[in-house]
Every structure is written in C-alpha cells, then in structure tokens.
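Structural characterization, general
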Amino acid sequence: MSLAKDFARLINCKKDDIDEPILCNCLSCEKINNKKHPDFTVIEKSSMCSNNSCCKSSNSSAIKNCVVSENIISKSKFSPFMSNYKVVVVNQANYLTKVSAESLLKTLEDINSNFIVILLIENLYDLPETIISRCQTWKLNKISEKKILDILSESHPEKQKQILEIMSFGSPTLGEATEMLNDSIFFEERQEGLRRIVKIINSPMSDKLNYSKELTQLYRKDKERVLYELKIWKNLFRKILKTEDMNEDLETISIMSPIKKANKLGIKKNIQNILKTEDNLKFNGMPSLVFDNFIINLEA
Ligand SMILES: [Zn+2]
Ligand SMILES: [Zn+2]
C-alpha cells in the first residue's frame, strides 16, 4: 500500500525535479497523502458506494460490485481532474467478488493510458487468471528482519527497546512493525494474543476444544481476525526455532519462555499443522472440523 501510494504521488507530483518524492509536499502529493486527491482512490473491503441505501446493510466481507462499478468502471471513462493520471488502488484484491472481478475485465482491456488500476494481493493465484493476464505483475519480496530492524532503528532511534520487543514477535512485515511502533494498543493486543496462545498450548484438552469453538464462531464473523491469530501462532513457533537470538530481558520473549524448551521436531510439526489449517480453510473445509483437527494435533 505504501509503495502504491508513493507511485501515485510520483507520477502526479507537480514538482519537475524530485529527488525525494517521499518528502514532497506539493499540492498533489499532499492530497494523495491525506487521501483527498480527486484522482486517487483506495478501495477496500469496507468501502461503500455513494448510494446510501445500497451498501449500508451488507457486511464488509467482500469488495462489492457497486463499489467497483462506481470507482473503477465509471471513473475510467473520464480524464483526470487535476493531474496526469487517475489512480485507483484496490487493497486485498482477493476479496473482489466473482461478479466484480468479471465486470472489471472489459475496463482493464480498454483502459486509457492515463488511468491506472493497482491491485494489491498477497498471493497472486487468489486472483482469476483472466484478471492476471490483463495486468502487469510486480512481485515484492519480503524484507529481511535485519533490514526491517535497520530501517526502524534509523527512523526511530529513541525507541530502541520497543523496536526489539516488536521484532521479537518474529517475522513482522515493515508495515506491521511500523504500525505497532506508532500504535501501542495494536502492540499490546498482539502481546495479549501471544499470552493467550502460550496458555492454550499448555492447557488440558477440554480448554483447547473450547478455544477451537471460539475460533469457529469468530471465523463466521471475522475470517481475517482468525487468519491473523493463526499467523501469531506460526510466528511464535518460527521464533522459538531460532532460540539462539532470544533476549531474556524482553517482555515478549519472557511470554514465550514456558514453551521455549520444547523439542524442535514438535515445533516443526506445529508449524506444518498451522500451514495445513490455513490451506484447509482456504479450500473451504468445514471450520469447526478444521479447528478441532488443528487443536487435537497440536504438540504440547
Ligand atoms: Zn509532489
Ligand atoms: Zn453499494
């Protein structure tokens, strides 16, 4: 998302010679930054169309056809209002409904050279082949933990301890790490999640099965939240595998310590178990069954 935004700024920037587009505060860059630019739109799952009675009642588990129609298909027919390019960014494009995705095909085919649609997606193959074949694909590699640590240390030299705490969760993305650094509630929630998970691993089967029920219920309401919880599980085990670089002074590490001494084979099995669980959910396994299986096969 940051890159998409910087890209939109760069191609619409009003200054002629920009060495540091990230720092530019011309009218266009400023407006894109504040998401107030008439030629820059971000579409998310929560986006609604302008018809008050249309989107209000529906839930936000998908990117709706009316939103796509209004923000991409209709807008593609007009020239940019105040800049060189109109840019529409679709965040989590895997949530486009089948109908929305299909309705986009013709627009993507006949697109004007001054209209740019950027689809952001974690896994390319969650997009229909028909969409992929009409786009350019840019693959972004994961930034190494060391690099993230360097970037954060440089931008927030005064928050060294907090940065180490955040990194000790294991495998954060740069966006996530920055968010945790700037929003202590997000950070504390993440730590709370970790405490809960450590407790569950060491609790009796009846408690574990209750947790499985909770996951099933939550999954019906908020898939994303459960997938995020599974990610905390996965990162926890991955982090524990790298025991050598654990710093006991950090709170995050001390939360993990009850399972620190577990055997490596067990931890690897748990990681496999989580990957399988994620796959089963993706391929529409029955959630209650998937989570029970996950819990029963968890190595204590
Ligand atoms: Zn600018
Ligand atoms: Zn609508």
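What you see is a predicted model, and the numbers here were worked out from it, not measured in a lab. Sequence order as written defines the numbering, with residues in each chain counted from 1. Chain A is the first chain written and ligand 1 is the first ligand written, with later ones labelled in order. In view of the model being predicted, local features appear only for residues whose pLDDT reaches at least 70, and side-chain atom pairs are presented and counted only at 80 or more, with totals across whole chains, interfaces and linings using the full set of residues.

To continue, consider the overall build of the chain. A count of helical and extended segments in the chain gives 15 helices and three strands. When the backbone C-alpha atoms are referred to their principal axes, the chain occupies close to 60 × 45 × 35 Å. Taking all 300 residues of the chain together, 23% fall into the buried category. Any two residues are considered in contact once their C-beta atoms, placed from the backbone, lie within 7 Å. Considering only contacts within the chain whose residues lie at least 6 apart along the sequence, 63% involve residues at least 24 apart. For helices the rule is a DSSP run of H or I covering at least 4 residues; for strands it is a run of E covering at least 2, with both sets numbered from the N terminus onward. The exposure label follows from counting other C-beta atoms within 10 Å of a residue's C-beta, where the C-beta atoms are placed from the backbone and the thresholds are 20 or more for buried and 12 or fewer for exposed, leaving partly exposed in between.

What follows is about the nonpolar core. The nonpolar side chains of a soluble globular protein tend to be buried, and buried together. Buried Ala, Val, Leu, Ile, Met, Phe, Trp, Tyr and Cys residues whose C-beta atoms connect them within 7 Å together make up a nonpolar core. If you look at the biggest cluster of nonpolar residues, it comprises 21 residues, and the most contacted ones within it are Ile 63, Val 88 and Val 90. Listed by contribution, the elements that provide at least two residues to this core are helix H1 (2-12), helix H2 (27-33), strand E1 (40-43), helix H4 (65-74), strand E2 (86-90) and strand E3 (115-119). If you tally residues by element for this core, the top one is E2, at four residues. Leaving out residues up to four positions away in the same chain, Val 88 has contacts with Thr 41, Ile 43, Asn 71, Ile 72, Lys 75 and Val 117.

This next bit is on the domain arrangement of the chain. For the chain, the domain assignment lists domain 1 (2-132) and domain 2 (186-296). Just the C-alpha atoms count here: the centres of domain 1 and domain 2 sit 34 Å apart. Each domain's extent was defined by an automatic or database domain assignment.

Attention shifts here to the sheet that holds E1. Strand pairing requires that DSSP identify at least two bridges connecting the strands. Judged by pairing direction, the sheet is parallel, and its three strands sit side by side in the order E1-E2-E3 without closing on themselves. Two strands lie at the open edges of the sheet, namely E1 and E3, each paired on one side alone. The sheet shows a mean angle of 15 degrees between the axes of neighbouring strands, taken without regard to direction. In this sheet, E3 lies alongside E2 in parallel orientation, the contact comprising five bridges. Paired with Val 90 across the bridge in E3 is Leu 119. To get an axis, a line is fitted to the C-alpha atoms, and for a helix only the part in contact is used. The angle between two axes follows their N-to-C directions and goes from 0 to 180 degrees. Here H4 sits on the sheet and contacts E1, E2 and E3; the angle it forms with E1, its principal contact strand, is near 160 degrees.

Orientation of helix H10 (residues 184-201) relative to helix H12 (residues 223-241), taken along the N-to-C sense of each, is 70 degrees, at an axis distance of 10 Å. Compared by their axis directions, H10 and H12 come out roughly perpendicular. Contacts between H10 and H12 involve Gly 193, Leu 194 and Ile 197 from the former and Glu 229, Ile 232, Trp 233 and Leu 236 from the latter. Any residue that is not Ala, Val, Leu, Ile, Met, Phe, Trp, Tyr, Cys, Pro, Asp, Glu, Lys or Arg is counted as polar, Gly included; the first ten are nonpolar and the last four charged. Its residues assigned to classes, the contact of H10 with H12 comprises five nonpolar, one polar and one charged. With respect to orientation, any angle under 35 degrees is reported as roughly parallel, any angle over 145 as roughly antiparallel, any angle of 65 to 115 as roughly perpendicular, and every other angle as oblique.

A large share of E3 lies buried, amounting to four of its five residues. For the crossover that starts at E2, traverses helix H5 (residues 98-109) and ends in the parallel E3, the hand is right-handed. Whether a crossover is right-handed comes down to one check: with the strands pointing away from the viewer, does the path from the first strand over the helix to the second run clockwise; if it does, it is right-handed.

So, about the packing of helix H8 (residues 160-167) against helix H9 (residues 174-182). Close contact between H8 and H9 brings their axes to 10 Å; oriented N to C, the two are set at 135 degrees. What the angle tells us is that H8 and H9 run oblique. Considering how the two elements wind past one another, H8 and H9 form a crossing that is right-handed. Here Gln 162, Ile 163 and Ile 166 of H8 come into contact with H9, specifically with Ala 177, Met 180 and Leu 181. Of the residues in the contact of H8 with H9, the class split is five nonpolar, one polar and no charged. Handedness of a crossing is defined here by the sense of rotation of the near helix relative to the far one, left-handed for an anticlockwise turn of less than a right angle and right-handed for a clockwise turn.

Of all the positions in H1, only Ala 4, Ala 8, Arg 9 and Asn 12 are classed as buried. Relative to the axis of H1, the buried residues are bounded by an arc of 135 degrees and lie together on one face. In H1, those exposed residues whose orientation departs by more than 90 degrees from the buried face are Ser 2 and Leu 3. Buried residues along H1 sit in contact with H2, E1, E2 and E3. Working definition: the arc comes from the directions between the helix axis and the C-beta atoms, pointing outward to the latter.

The backbone phi angle of Lys 35 is positive, close to 55 degrees, even though this residue is not glycine. Summarising the element assignment, Lys 35 is placed in the loop between H2 and E1. If you check the backbone angles, Gln 92 has positive phi at about 50 degrees while not being a glycine. Residue position: Gln 92 is located in the loop between E2 and H5.

By the secondary structure assignment, Asn 293 is in helix H15 (residues 287-296). For the pair Asn 293 and Asn 273, spaced 20 residues apart in the sequence, the C-alpha separation amounts to 8.9 Å.

Residue-level confidence of the predictor is summarised by pLDDT, bounded by 0 at the bottom and 100 at the top. When pLDDT is averaged across the chain, the result is 86; 93% of the residues are at 70 or more. At the low end of the mean pLDDT range in the chain sits helix H13 (residues 251-256), at 78; at the high end sits E2, at 96.

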